[in-house]
Amino acid sequence: FQIDKYLYHMRLSEETLQEVSQRFGREMEKGLGADTNPTASVKMLPTFVRSTPDGTEDGDFLALDLGGTNFRVLRVKVSDNGLQKVEMENQIYAIPEELMRGSGVQLFDHIAECLANFMEKLKIKDKKLPLGFTFSFPCHQTKLDESILVTWTKGFKCSSVEGKDVVSMLRKSIKKRGDFDIDIVAVVNDTVGTMMTCGYDDHNCEVGLIVGTGTNACYMEEMRHIDLVEGDEGRMCINMEWGAFGDDGVLNDIRTEFDREIDMGSLNPGKQLFEKMISGMYMGELVRLILVKMAKEGLLFGGKLTPDLLTTGHFETRYVSAIEKEKEGLQKAHEILTKLGLEPSHEDCVATHRICQIVSTRSANLCGATLAAVLRRIKENKGLDRLRSTVGVDGSVYKKHPHFARRLHKTVRKLLPDCEIRFVRSEDGSGKGAAMVTAVAYRLAAQHKARQKILEALKLSHEQLLEVKQRMRIEMEKGLGKETHAEATVKMLPTYVCSTPDGTEKGDFLALDLGGTNFRVLLVRVRNGMRRGVEMHNKIYSIPVEIMQGTGEELFDHIVQCISDFLEYMGMKGVSLPLGFTFSFPCQQNNLDEGILLKWTKGFKATGCEGEDVVNLLKEAIHRRDEFDLDVVAVVNDTVGTMMTCGYEDPYCEVGLIVGTGSNACYMEEMRNVELVEGEEGRMCVNMEWGAFGDNGCLDDIWTEFDLAVDELSLNPGKQRFEKMISGMYLGEIVRNILMDFTKRGLLFRGRISERLKTRGIFETKFLSQIESDCLALLQVRSILQHLGLETTCDDSIIVKEVCTVVARRAAQLCGAGMAAVVDKIRENRGLDFLKVTVGVDGTLYKLHPHFSTIMHETVKQLSPKCEVTFLQSEDGSGKGAALITAVACRIREAGQR
């Protein structure tokens, strides 16, 4: 009781611990920020270790462990044939005193000699093995295999090493010998090694903790928060160097007179203040200082002091562990105090036991408070309600003190009730751990290489794109030519739209838009002069399945019923208006107001329509109802509508492009080139139906196994091949096929294919847009993948994102190559050295994908340098566009009548 009162300041309440934890969280932030790092006491050093083991590592590795008067060389064999196992052989070499104070070159020559000796013994001198180097001194790392020594500690004083890269010094020493060669892959801090050793057995392990002579921790941080390293993708292990917490004064209110006394007597006053409250190097000394002060005040040992008790370092930390043991603790206390020349009473022993308890409990509590801050941060980074994570731990205090571990776990649980944290004792972090870091780096490099090789087929060179442009041109010519049209794949259909808007159009027009399960009726008011513009009203009607699949008469009667309802709704019953009809099914047009349905698509099956003129079917239905009369002026394809809408805003617009679920383009061609239609004068818009480009095999050389797989499983194998490489309906499928291939080869998702990933169509194209959106962290990529039932690591998310990027990039480039062929043909048609032209564009992929449009524009610019092409997003090509085509036709008709 007396002791508890006396050491009141050493007993920290839960509120105080919560406060320490919050403060430490703020210190972490400071260490990570670029502006605050220089003055931060917790340095948060990047280690360039970007991934923890996934259990598939394998191979033969060397490790070198230098951190004290001895150093070790190890050979670590990691094998993965379903049974993860690790075999190790090691040899300890001494470092003579004179070498610790000699020149750096001598030190590294000695290390190289010991390495040679070890490899000789194991007969592996002829192999070039990868090596991991645990170098336990304060270093500044810039790459995984480059580490600059900041200052020597632990009695080392070798000249001209500080400020230099230790890896290149070791490489030089090895090269100078010339009798063996190794590949130094990684320099590792022992804390990181601790995390990695545990990570091999437990893939949830993302924190390493050491509580031994010193104390430190590391954890996996999101790259986006690490200002000191370029790049925002993925994670990196941060070596916190948390022993220095409090060096800027933030712990002054909880430091006691004993802590201050210990610091003043240390080799580095004012430094590593947190470590001095916790670690093994100081725990026994704290107890000694308390015993001395109490004895001086007559509260212990009858006020008697001995020279031994007054000697710094004579109360060792292992004594604290011994005294706190359950059964023999008091007897041990008696032995130890007697050894120090005291004559302790029973009460003195009980008091000493209690002092040890208070000091070691404070240590465990403080350690738990900072650890809780780290885990809380990981939990927030991941956006989780509950974190399941593992901490790999090493160090004599954690492993040998009878109650330290249990108290530490308890504190963490108290401060983070909503997390499940496992603690795993690490075995040989500085040896096996260094080999693990190396093994992971090797695995990542090999997997990266394998993936790049597969993705190579989807990356198109400038030459390949030029070739695509030239082939598109050839196919266009075939479609336009009378002789070649029949077997051409790119059909180049005449649309009988011969002029774009000139701005003098005016009047009220109706538009119908039929292209799917919904059907729209619009009233479009076009004004000219000062109040030039377009005003629209529309209503959407659904088409029941039984009507989609009934008779043609029923379908067109339903359409006319909807028009009638709309006119009544607008209060225009009985008015006769010119009408434009967007009919988005394959048609053959022989006139602007005649469109013969070639075949139904998109689930329509109405009988008696194929081979018929849809304008006639509509007119018949209007007459059957006999309620109003409409002047059907134009049948319109939505691509042409897209061009016309933009043409109303921009007189240079002579091309239309759609890249959405499907893809198509149209443009103004010279009449003399449209051989299917009589007449040489003027121009006509040609609906290219370019999705079928490549159906004759002319794109086979850039087609990949993934395109083949997507095509074979589609509803129309062998058809619309160009569209299948660029449009929204298929990109997600291409990505899914690549991810399946990666997974089968063990390059993704740890080689596990989920049932979901085997399901066609789960990878919607909108996911591509979301995944590639720059403002989204990989967190969102992970949640999309989780939604698809894919359990992913951070590395997996980066890979998925890369695949999406490659696939979307290829789509945009191919689309750009097609576009380049079109604008160059217009330029050559007109005999110009330079063409200024605008393309009206619509479609979800173009509008929603974060990079598609940019890449496509760049491609067009590169492939058609003599054209200045502007892209304009179109608004409602199928509605407004149909009305504008009608308005232009009416304008021309009236001019002809005049």
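Residues numbered from 1 in each chain as written. Predicted model: local features only at pLDDT ≥ 70, side-chain atom pairs only at ≥ 80, totals over all residues. Heavy atoms only, no water.

A. Main features of the packing of aromatic side chains. Applying the stated criterion across every chain, the model contains 20 aromatic pairs. Centre to centre, the rings of Phe-583 and Phe-585 are 5.0 Å apart; their planes meet at 55°, and the pair counts as tilted. Across the pair, Phe-585 and Phe-583 agree in class, each one buried. Every member of this aromatic cluster is reached through a ring pair, and the members are Phe-581, Phe-583, Phe-585, Trp-600 and Phe-604. Lying over the aromatic face of Trp-703, Arg-721 brings its terminal NZ or CZ to 4.2 Å of the ring centre. (Phe/Tyr/Trp six-rings, centres within 6.5 Å; stacked < 30°, edge-to-face > 60°. Buried < 20%, exposed > 50% of the residue type's maximum accessible area, 1.4 Å probe, protein only. Lys NZ or Arg CZ within 6 Å of the ring centre and 35° of its normal.)

B. Fine view of helix H20 (residues 638-649). End to end, H20 covers 17 Å across twelve residues, agreeing with the expected 16 Å (1.5 Å per residue, within 8%). H20 sits mainly inside the fold: ten of its twelve residues count as buried. Among the residues making up H20, those that are buried are Thr-639, Val-640, Gly-641, Thr-642, Met-643, Met-644, Thr-645, Cys-646, Gly-647 and Tyr-648. (Helix = DSSP H or I, 4+ residues; strand = E, 2+ residues; numbered from the N terminus. Expected span 1.5 Å × (residues − 1).)

C. Local environment of the side chain of Ser-41. One can find Ser-41 in the loop between helix H2 (14-32) and strand S1 (45-46). Among the polar contacts listed, one links the side chain of Ser-41 to the side chain of Glu-27, at a separation of 3.3 Å. What Ser-41 contacts, discounting residues up to four positions off in sequence, is Glu-27, Ala-244, Phe-245, Gly-246, Asp-247 and Asp-248. (Polar contact = N/O pair within 3.5 Å; in protein donor to acceptor, adjacent residues only side chain to side chain. Contact = heavy atoms within 4.5 Å.)

D. A look at the sheet that holds strand S16 (residues 518-527). The strand order S17-S16-S15-S18-S21 describes an open sheet built from five strands, whose pairing is mixed. With partners counted over all chains shown, the strands left at the sheet margins are strand S17 (533-542) and strand S21 (631-636), one partner each. Within the sheet, the average angular offset between the axes of one strand and its neighbour, ignoring direction, is 20°. Looking at chain direction, strand S15 (residues 507-514) and strand S18 (residues 578-583) are connected through five bridges and run parallel. Following the sheet pairing, Leu-510 is matched in S18 by Leu-579. Contacts from helix H29 (residues 880-897) reach S15, S16, S17, S18 and S21 within the one sheet, and its direction differs from that of S21 by about 125°. (Pairing = 2+ DSSP bridges. Axes fitted to C-alpha atoms, helices over the stretch in contact; angles between N-to-C directions.)

E. Local environment of unusual backbone geometry. Although it is not a glycine, Asp-626 adopts a positive phi angle of roughly 55°. Here Asp-626 shows up in the loop between helix H19 (614-625) and S21. Owing to a relative accessible area of 66%, Asp-626 belongs among the exposed residues under this scheme. Of note in this structure, Glu-689 is not a glycine but carries a positive phi near 50°. By the secondary structure assignment, Glu-689 is in the loop between strand S24 (683-687) and helix H21 (705-712).

F. Highlighting helix H9 (residues 280-296). Helix length check: H9 (17 residues) gives 25 Å between terminal C-alpha atoms against 24 Å at 1.5 Å per residue, within 8%. The element H9 is extensively covered by neighbouring structure, given that 14 of its 17 residues are classed as buried. Positive phi appears at Gly-298, one or two residues downstream of H9, with a value of about 70°.

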